[in-house]
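In case you want the letters, here they are:
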Amino acid sequence: MATSHTLDVPGAHLHYEVRGAGPLLLVLGAPMSAAHFAPLAEALAADHTVVTTDPRGIANSTLDDPEQDSTPELRADDVAAILDALGASTADVFGSSGGAVTGLALVARHPGRVRTLVAHEPPVTELLPEAAEQRAVVEDIIATCHAEGPGAAFGKFMANAGFTGEDPAEEGAPAQPMAPPSEQDLRDGERFLTHELRGTTRFVPDAEALKSSSSRVVIGIGDASGHLLTHRTSAVLAERLGSEPVGFPGDHGGFLGQPAEFAEVLKKVLVGP
């Protein structure tokens, strides 16, 4: 069973949840909230103390200024504050999508706080040859959200990400049905598009600093993500780090459809080679 906590930090009031026992493991998303990671956290809690969070401005983590943009650097500082509140000098970190970018920023901004970072499909589009084109796409998505609403903007976002509406899963892979979005999901989605997407995709990981860091950095890619933009960004980052990416079940949201299988792979990665 998870216990819920609130932590006041400059400009925000952070919600996080703690479950399980064992080595400390932080599970980060952006914009996904703690609730989205609950099945994965339950699967990990038998051997880890698992902390899940609502990123600032999302779900139960409220802002003093609702118009404040969310950046990987701000979110990394929030994670460091949560570690301080837990009395933990270090932790392992799993981050997915924007949460993976948060983890990369955490390693850079708070040296020595992360033992192993597993960065699952970070959308670091600045590393791609067409970075300028990707920046233009993001600006168009944001403008569309303001002019036509989040529905039209999400259509463009999903198309650019590689989700075409067809089932791209490999033969034999289980389906990953998605529940209809709640009102909270819709609010969080609009905030993501207007106040988070730009900062996350503009983040440029410092490969040399990551390689020389005391933290072990592992890049994860979904086994069924070959059609996605984040497959390319993850592969490029792994190449710059001089490492081989680790395959995880499913695609970009594999932890949603196959939490137990996903957790087993993650636990093996955290143990190390």
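This is a predicted model, so every value here is computed, not measured. (Residues numbered from 1 in each chain as written. Predicted model: local features only at pLDDT ≥ 70, side-chain atom pairs only at ≥ 80, totals over all residues. Heavy atoms only, no water.)

Draft legend 1. Region of the structure containing the packing of aromatic side chains. Scanning the model with the defined rule gives eight aromatic pairs in all. Aromatic pair F255 and F262: ring centres 5.9 Å apart, planes at 80 degrees, arrangement edge-to-face. Comparing F255 with F262, the two get one shared label, buried. Cluster of aromatic residues (ring-pair linked, three or more members): F37, F94, F248, F255 and F262. (Phe/Tyr/Trp six-rings, centres within 6.5 Å; stacked < 30°, edge-to-face > 60°. Buried < 20%, exposed > 50% of the residue type's maximum accessible area, 1.4 Å probe, protein only.)

Draft legend 2. Representation of the pairing of strand β2 (residues 12-20) within the structure. Of all nine residues in β2, seven are buried; the element is thus mostly enclosed. Here strand β1 (residues 3-9) runs beside β2; their pairing, made up of seven bridges, is antiparallel. Directly across from T3, in β2, lies its bridge partner V18. Connecting β1 to the next strand, β2, in antiparallel fashion are two residues, including G11 with a positive phi near 85 degrees. Relative to strand β5 (residues 62-63), β2 runs antiparallel, the two sharing two bridges. Bridge pairing links A12 to L63 in β5. Relative to strand β4 (residues 49-54), β2 is paired through six bridges, and the arrangement is antiparallel. In the strand pairing of β4, H15 is matched with D54. (Helix = DSSP H or I, 4+ residues; strand = E, 2+ residues; numbered from the N terminus. Pairing = 2+ DSSP bridges.)

Draft legend 3. Quick peek at the nonpolar core. Residues L26, L104 and L117 are the most contacted members of the largest nonpolar core, which totals 42 residues. Apart from residues lying up to four places away in sequence, L104 is in contact with L117, P122, V124, F203, P205, L210, V217 and L237. (Core = buried A, V, L, I, M, F, W, Y, C linked by side-chain atoms within 4.5 Å. Contact = heavy atoms within 4.5 Å.)

Draft legend 4. How the structure looks around a negative patch on the surface. A cluster of acidic residues, D8, D64, D65, E67 and D69, forms a negative patch at the surface. As for its position among the elements, D8 is in strand β1. (Patch = residues over 30% accessible without salt bridge, like charges linked within 9 Å, V, L, I, M, F, W, Y side chains within 5 Å. Areas by Shrake-Rupley, 256 points an atom, 1.4 Å probe, with all protein chains shown as cover. Salt bridge = Lys/Arg side-chain N within 4 Å of Asp/Glu carboxyl O. Lys, Arg positive; Asp, Glu negative; His and termini not counted. Charge placed at Lys NZ, Arg CZ, Asp CG, Glu CD.)

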